[in-house]
Amino acid sequence: MEINLQGAEGMALLPSGDEEGAAPKLVVAGLLSDNLSIDVFDIESFQSGGGRVEKSSKMNKDLVSRGLKNGKVGSMHYFEGLLYILFDNDRVIRAFDTNTGKMVQETLLPVAELGSAYDWEGMRLQRVPSEGIANNGSQLRGSSPPSGTLLLHLALDTPAQVWSLALNEDGGDGARWTLPRCAV
């Protein structure tokens, strides 16, 4: 199967919606002729076999990347009801409510090393169960229960590094989570 989006950099699976009959979607972001494109595909279209899969809709790139200098997407992740988008060249993660399209959080990422400020290439949120709760192996999925410690894993391109940060879920400044002091 092939999608019509050259330069694809990030993708996320959105599970079935709350509305009856809402099918899961695959969201893919990339550059099309040097312009950001965020395309949405119905999962069923990948099961039909054959060649190219056509998008069913698009996310509004102007709304999603408003105020950013570059708007290039490095990674996406659907977690606990929100779509998180890492804009690597802008050093920021934005979270969107996929039902309303509203941005609900924006987090500026740290500078890992001088000269590599814009090299964050991947991100993943993970909820680690509290002591005494059995690990069911689903903590990297978007449907994990909202209890336990919330971790943010970041992948740096150059120099190659993976950071894992325990996030503060204090709701400071209206945010769902904030970075620990060591990362700001």
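Now for a look at the structure at hand. As a convention, each chain's residues are numbered from 1 in the sequence order in which they are written. For this predicted model, a pLDDT threshold of at least 70 governs which residues receive local features, and a threshold of 80 or more governs which side-chain atom pairs are given and counted, while totals over whole chains, interfaces and linings are taken from all residues. Derived side-chain values reflect all non-hydrogen atoms in the structure, with water molecules and hydrogen atoms excluded from consideration.

By convention in these notes, a salt bridge is any Lys or Arg side-chain nitrogen within 4 Å of a carboxyl oxygen on Asp or Glu. All chains considered together, the criterion is met by seven salt bridges. Put simply, Asp-42 and Lys-25 hold a salt bridge, and the shortest N to O gap is 2.4 Å. With Asp-42 in strand E4 (residues 35-42) and Lys-25 in strand E3 (residues 25-32), the pair connects residues that are 17 residues apart, well separated along the chain. Each residue is assigned to one of three classes by its accessible area relative to the maximum for its type, calculated with a 1.4 Å probe on protein chains only: buried under 20%, partly exposed between the two thresholds, exposed over 50%. On the basis of relative accessible area, Asp-42 is assigned to the partly exposed category, the value being 24%. Judged by its relative accessible area of 27%, Lys-25 falls in the partly exposed class. Taken together, the salt bridges that share partners define one network made up of Glu-9, Lys-72 and Asp-88. Secondary structure follows DSSP: runs of H or I at least 4 residues long count as helices, runs of E at least 2 residues long count as strands, and numbering of each begins at the N terminus.

With that settled, the discussion passes to the side chain of Ser-65. Mapped onto the fold, Ser-65 is located in the loop between helix H1 (61-64) and strand E7 (75-79). Residue Ser-65 is classed as buried on the basis of its relative accessible area, which comes to 16%. Polar contact criterion, stated in full: a pair of N or O atoms within 3.5 Å, where within protein one must be able to donate a hydrogen and the other to accept it, and residues adjacent in sequence count only if both atoms are side-chain atoms. A distance of 2.6 Å separates a polar atom in the side chain of Ser-65 from the backbone oxygen of Lys-61. Every residue in contact with Ser-65, bar those within four places of it in the chain, is listed here: Leu-36, Gly-71, Phe-87 and Arg-94. Any two residues whose heavy atoms approach within 4.5 Å are treated as being in contact.

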